[in-house]
Protein chains: 2
Amino acid sequence: MLGFNRQCAVKVLALASVAALLGASADAMAQETRRERRSRTKEVKPIELSPAQVAELTKVANERKLTVDDLLAASKTYMPSGRHDDYVLFSSGGQSGQIFAIGVPSMRLLRSIAVFTPESWQGYGFAGEGDAVLERLNVNGKAVPWGDTHHPALSETAGDYDGQFLFIGDKANARVAVIDLRDWETKQIVKNPLTVSDHGASFVTPNTEYVVEGGQYATVLGYGYAPPEEYKKSYRGMVTFWKFDRAKGRIDEASSFALELPPYWQDLADAGKVASDGLVFINSFNSEMATGGVEQGKPPFEAGVSQRDTDYLHIIDWKRAERAVKEGKAKKINGFPVITLDVAAAEGILHFAPEPKSPHGVDVSPNGQFIVVAGKLDPHVTVYSIDRIKKAIADKKISATDDYGIPVLDFDAVKEAQVELGLGPLHTQFDDKGYAYTSLFLDSAVSRWTLGGDYAKLHAEEPWKLVTKTPVQYNIGHLCAAEGDTVSPDGNYLISMSKWSVDRFLPTGPLLPQNFQLVDIAAAGTTMPVLFDMPIGVGEPHYCQMIKADKLKTWTTYPEIGWNPHTQQLDPRAPKQGKEGVVRDGSQVTINMTAIRSHFTPEHVEVNEGDEITWRITAIESTQDATHGFCIGGYNINLSLEPGEFAEFKFVADKPGTYPFYCTEFCSALHLEMMGYLHVKPKTTTAMKAEPAAKP
Amino acid sequence: MLGFNRQCAVKVLALASVAALLGASADAMAQETRRERRSRTKEVKPIELSPAQVAELTKVANERKLTVDDLLAASKTYMPSGRHDDYVLFSSGGQSGQIFAIGVPSMRLLRSIAVFTPESWQGYGFAGEGDAVLERLNVNGKAVPWGDTHHPALSETAGDYDGQFLFIGDKANARVAVIDLRDWETKQIVKNPLTVSDHGASFVTPNTEYVVEGGQYATVLGYGYAPPEEYKKSYRGMVTFWKFDRAKGRIDEASSFALELPPYWQDLADAGKVASDGLVFINSFNSEMATGGVEQGKPPFEAGVSQRDTDYLHIIDWKRAERAVKEGKAKKINGFPVITLDVAAAEGILHFAPEPKSPHGVDVSPNGQFIVVAGKLDPHVTVYSIDRIKKAIADKKISATDDYGIPVLDFDAVKEAQVELGLGPLHTQFDDKGYAYTSLFLDSAVSRWTLGGDYAKLHAEEPWKLVTKTPVQYNIGHLCAAEGDTVSPDGNYLISMSKWSVDRFLPTGPLLPQNFQLVDIAAAGTTMPVLFDMPIGVGEPHYCQMIKADKLKTWTTYPEIGWNPHTQQLDPRAPKQGKEGVVRDGSQVTINMTAIRSHFTPEHVEVNEGDEITWRITAIESTQDATHGFCIGGYNINLSLEPGEFAEFKFVADKPGTYPFYCTEFCSALHLEMMGYLHVKPKTTTAMKAEPAAKP
């Protein structure tokens, strides 16, 4: 009857009738293409552009109004299909609560990682009402399913990124998360027991002994209450040292501790390394202890916190602090060990150094020798030397003691240099050529300047001098250089995290993306062009770190079929192929299901209204990218079942009806057929609202 | 005391003491740059590459192992800083529940739009527990804060995208959302009262009279229950016609209706236009009425639904259906008017045409003349002509009547052509040159083929023939050409929505991104290269539409200070500058707040434990990109306050303590100072857990 080519159709149908074949075909195809890619990358021969090819390129450039610099920038960032980026930028997602992984130099968003905010593509927080993800997002008994992710920190070994773990802080709710970089999933979230919100989180010590979480807006430690009049007496800052257990891949809360700090609004933090290993540096910007009150005619916070000429760089000896805790010198606040200010002063754990007013960034040079502080209301960066700091402490070069009894080191004794850069310096990064790079918020520029000391021999310029500035669009906050927080930065690339984009991209409503700009820092001297503008319209990222891609040892599938990503091991509960089924014990019903291209087993699940359901699924796939989803409409369930993954969810079947479940990740040509029905039989037929359908 | 340059510091401090100045400075800078950009774009002179420049370009290309084709692709896709893309691709975000807007040809993700899933950057669903967003995400009394977004549809006028609204369906929960493209925000979500899940949503009629939502997995209409044995008797498909009120920018639920369909698993839908205006076409792929049951040794769905040689193309006369509803011929199911199958048959509302087995895509040519159906288990596309369909209906060329009394038109009478393309054809798009483009899932390729009829004169090739195929990586689902669903497609660009990426990008854990590939379709004939691979690691997008950027009339700020985006008008409740404060009425407390760079007024809010809080904020900004955020740590509040926006949220102050609130969007150099405190005074002091802090 039909006019189409039957022979060809039969061939296809024969294929289609065996779903496994389709899967196998896709696998073979993928392998084939991998071979192609490998050979392609190897076989690319050096090109020479013929006059005709130059003419064609010129024609395209002129049609698109590209300059010669644009062509060069395009050639420096373009990635042919299948070629991998050199670096991965792990960026905070700001108030999206996520992390974004971006390839450099192509500036392509590779993946989001859900951290503090449930995300349904990843099935993060959508495994029923008792989902462990949702439970760990509770704060003080309240569901807080979002976060303001700030500072990602890659785990380090001997001060170098080791590619194993990633940490990030939630400023809004003072939490720290641990992400395992084998499967790029969030494994743990710890809530700070002392403070409502933080800021200087997270930063790691050189061997990831501790994940540092610094505070910001002072409050009454332990979630207490006090009116503004009691600010000086009752409000406090803090820094928490979360002990990291690398073998377990988890923060060990029981071995962690905090340090009470004055209510000076601690800001950024950085851990010392090499020459300064054992110290942590934190700056502050409200040593005035201003309490605002614009509604009462008082100076608003924005003015009140910037009255004094200097604030305090906090120099913290965390090894001494660790020892003091072991010696029982901490007191408990909200059950958590805290070294109080008097103990910190007595034990030499905390010193201050003056820093020009309202500093924002504090960054330690790769050799640990220099600590760079950028005060946003001072056109200089101030550089401290660790030798000078150590000597000043040893020689008791104390210029004052603050209201809380903390010694303040003499500024001239600890200062190595001040370098005038421009308006609104914020943060500093480093390269492999003895240069430092500081963001200038008010100038909207990235500045390059020379380091002194051992670095002076790496560059041709005079030390401690501005070399050049590159304009960025607009209002740069943090910046990030390749491996820029390690003991051995790479140079090559730098990201300007420009906070406003204004006119850079097509308008996207009143809410605009931010602008990540790729800056080429490969050449020494005054050449430092912007290569690429990347809109970031999925959050307002705060900070990022850039790691060499080959340091990551990412799993492409789970190691074994039946793997539980929460425990990172094989789960004995994982249903096995051939053992699927529904087990009833009174009103407790357990479903054991497997998923493979292109069906779930079982395809029909019949339960009674009110049954308590435990549903277990194993994705019995071992091919890279053969991910399945699993959702039940109306029941708020959506899983991402990656190859080998085992997942479990629970719910009460409190809504009668016939519910399709289906695979939410396009897995094969027969993906739409990968479905089944959950039948929730009503207690009484009168419970049904629906009128009968028309008769066939 | 300090060694830094005092004169320069004083200059900066003078600036800093007046925050407004900082804002003004940023504004001036932005204006300056806009001028620069305009002039820059105009002034770009045609380039001629000198030998030295060619050498430099060649050097970069060879260092990066780029081919000449790579250089050309780079030059065709690269966007210099500040230059805007030509097209916006509005893509479903799949099971992320969002929409993604992507610039073409640069393939940069411009912004996400939260639709079915709360998103904290946009403040979507984070305005307290009574948030209207969360309320509208309830399904049948359950919170379902995620969706499986499938088919975005731009609003149309006379069959052409008009840039005003965007609609999208949630397959998992059978919902349709309305997005206003003035501010790119979701304004409405309607829940289908008949079915748990859908698939063919959303598609619009040529003047956006209706937003079409087709079903997929048959269920008992009205959320009913029936066991699988009663499939044929009790399960049904459906298509819903949501009436759109363009003036209100909302779906008018009371004027909407549905059509009962047999339980054949309706799949994609497309509205007729021009020659076929008044009709809607939907295909289907389980006319076998298979019910699976692999757990009982029955054929699984993947095999069971593909047994017959043909399924049914549904041809629906929506104007007749509309009339039948007005004439009272619909019955109510779950309170919603439904035209039952007997009425549809009697009124000539529904006809079937055979289509080769397991069809997936159905797409109407720009002139409305041809309906292209791609059966994924048949290597051809089948083309129906509207003239033939109309004639067959008029001449009663009926080959059969299905089990539900619906007439089946004779295949040969309605078939215009069949074109052999390759393995796994799915979806078809059109260009301006008389070509059609069909995705080939199993071949992993985009095919270009020639249309006949009036289109034959536009191309040099024989009609109804395959012209060329371009390999894509891998497993292409939908594809999308520029303005490809309108009466006047643009050609130029096509997106291959490749479902698997496998080895194309750096591995991102077991969960990999999808791959949006930009295909250059500007040249006629056999040249059709892939220009760019874009990883999509934020969801698995299902379908997208591409609109010319200059058709969008996006607001850059809200039109007036105090604008309520929910109502799209000025809100009388919006607090005004100078009128801020806290109003108490018993335990009901109203906070009237304004936000401007860089402070909130008031900065201190004191309430008592248990108070019921109504908090109103107006962003009194009128500068593009001067967005503020507002969050309260621990209380699950985060707003995005775009310039001019008014927002309100409510909560019970049930947790005593002192809570910082702060701006979550980096707004100025004094952004960190844009904060205040919510003091929730405990009922009794013994309620406080915290021990006293150390004494100063």
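Residues numbered from 1 in each chain as written. Chains lettered and ligands numbered in written order. Predicted model: local features only at pLDDT ≥ 70, side-chain atom pairs only at ≥ 80, totals over all residues. Heavy atoms only, no water.

A.B. asks: Please explain helix H8 (residues 318–326) of chain A as it appears in this structure.
C.D. replies: Residues and elements named next belong to chain A. Buried residues of H8: Trp 318, Ala 321, Glu 322 and Ala 324, and no others. Along the axis of H8, the buried positions cluster into a sector of 160°, meaning they face one direction only. Contact partners of the buried residues in H8: strand S11 (210–214), strand S12 (237–245), strand S13 (250–261), strand S15 (279–284), strand S16 (310–317) and strand S18 (336–339). Of the residues flanking the start of H8, the one acting as N-cap is Asp 317, its side-chain oxygen 3.2 Å from the backbone nitrogen of Lys 319. Residue Gly 328 follows H8 closely and has a positive phi angle near 75°. (Buried < 20%, exposed > 50% of the residue type's maximum accessible area, 1.4 Å probe, protein only. Helix = DSSP H or I, 4+ residues; strand = E, 2+ residues; numbered from the N terminus. Arc of directions from axis to C-beta. Contact = heavy atoms within 4.5 Å. Polar contact = N/O pair within 3.5 Å; in protein donor to acceptor, adjacent residues only side chain to side chain.)

A.B. asks: Whenever I open this one, the pairing of strand S42 (residues 628–632) of chain A confuses me. Can you help?
C.D. replies: Across a regular strand the side chains alternate sides, sitting on one face of the sheet and then on the other. Residues and elements named next belong to chain A. Within S42, five of the five residues are buried, leaving the element largely enclosed by the surrounding structure. Here S42 shows no split at all, with His 628, Phe 630 and Ile 632 on one side and Gly 629 and Cys 631 on the other all buried. Pairing analysis gives five bridges linking S42 to strand S43 (residues 637–641), with the strands arranged antiparallel. Opposite His 628, over in S43, you have Leu 641 as the bridge partner. Sheet topology note: the S42/strand S45 (residues 657–662) ladder contains two bridges and is antiparallel. Of the residues in S45, the one forming a bridge with Ile 632 is Phe 661. (Pairing = 2+ DSSP bridges.)

A.B. asks: Help me understand the side chain of B:Asn286, please; the structure alone is not making it clear to me.
C.D. replies: All names here are of chain B. Here Asn 286 shows up in the loop between strand S15 (279–284) and helix H7 (301–304). Within the structure, Asn 286 has its side chain in polar contact with the backbone nitrogen of Ala 290 (distance 3.0 Å). Setting aside anything within four residues of it in sequence, one finds Asn 286 in contact with Tyr 231, Pro 263, Tyr 264, Trp 265, Val 305 and Asp 311.

A.B. asks: Help me understand the domain arrangement of chain A, please; the structure alone is not making it clear to me.
C.D. replies: The extent of an interface is frequently quoted as the accessible surface area lost upon association of the parts. All names here are of chain A. Taken domain by domain, chain A holds domain 1 (178–475 + 485–503 + 510–530) and domain 2 (563–687). The distance between the C-alpha centroids of domain 1 and domain 2 comes to 48 Å. Here domain 1 meets domain 2 over a buried area of about 370 Å², counting both sides, of which 24% is carbon and sulfur. Of all residues in domain 1, Glu 185, Lys 187 and Arg 250 bury the most surface against domain 2, accounting for 67% of the area lost on that side. Where domain 1 meets domain 2, there are zero salt bridges. Here domain 1 and domain 2 share four residue pairs in polar contact (both at pLDDT 80 or more) between them. (Domains from an automatic or database assignment. Buried area = accessible area lost by both parts, 1.4 Å probe. Salt bridge = Lys/Arg side-chain N within 4 Å of Asp/Glu carboxyl O.)

A.B. asks: Can you walk me through the sheet that holds strand S13 (residues 250–261) of chain B in this structure?
C.D. replies: Sheet strands line up and pair through hydrogen bonds in the backbone, either parallel or antiparallel. Residue and element names in this part refer to chain B. Strand order across the open sheet formed by six strands is S10-S11-S12-S13-S18-S17, with mixed pairing between neighbours. At either margin of the open sheet sits one strand with a lone partner, and together these are strand S10 (200–204) and strand S17 (331–333). With direction set aside, neighbouring strand axes in the sheet form an average angle of 30°. In the sheet, S13 pairs with strand S18 (residues 336–339) via two bridges, with the strands oriented parallel. Across the sheet, Leu 259 pairs through a bridge with Ile 339, a residue of S18. (Axes fitted to C-alpha atoms, helices over the stretch in contact; angles between N-to-C directions.)

A.B. asks: Any chance you could explain the interface of chain B and chain A here in plain terms?
C.D. replies: If you look at the interface, chain B gives 245 residues, while chain A gives 245 residues. Note that B:Lys376 is salt-bridged to A:Glu673, the shortest N-O span being 3.2 Å. Between the two partners, chain B and chain A, sit 85 residue pairs in polar contact (both at pLDDT 80 or more). The biggest single contributor to the side of chain B that touches chain A is helix H2 (residues 19–43) of chain B, with 10 residues.

A.B. asks: Honestly, the relation of the copies chain B and chain A in this entry has me stumped. Any pointers?
C.D. replies: Relating one copy of the chain to the other takes a rotation about an axis and a shift parallel to that axis. When chain B is fitted to chain A, the residual RMSD is 0.0 Å, and the transformation amounts to a turn of 180° plus an axial shift of 0.0 Å. On the angle and the small slide along the axis, the relation comes out as a two-fold axis. The position closest to the rotation axis in chain B is occupied by the C-alpha of B:Ala74, lying 2.8 Å away. Here 100% of the contact residues of chain B are again contact residues in chain A; the copies associate through an equivalent surface. (Least-squares fit on C-alpha atoms with pLDDT ≥ 70 in both.)

A.B. asks: It is not clear to me how the packing of aromatic side chains should be interpreted in this structure. Could you clarify?
C.D. replies: Two aromatic rings are characterised by how far apart their centres lie and by the angle between their planes. Summed over the entire model, instances satisfying the criterion amount to 82 aromatic pairs over all chains. For the pair A:Tyr223 and B:Tyr659, a centre-to-centre distance of 6.1 Å together with 85° between the ring planes defines the contact as edge-to-face. With A:Tyr223 in the loop between S11 and helix H6 (231–234) and B:Tyr659 in strand S45 (residues 657–662), this pair bridges two chains. Of the two residues, A:Tyr223 and B:Tyr659, both sit in the buried class. Through a chain of ring-to-ring contacts, the aromatic side chains of A:Tyr223, B:Phe600, B:Trp615, B:Phe630, B:Tyr635, B:Phe649, B:Phe651, B:Tyr659 and B:Phe661 assemble into a single cluster. Positioned above the aromatic ring of B:Phe285, the side-chain terminus of B:Lys376 is 4.8 Å from the ring centre. (Phe/Tyr/Trp six-rings, centres within 6.5 Å; stacked < 30°, edge-to-face > 60°. Lys NZ or Arg CZ within 6 Å of the ring centre and 35° of its normal.)

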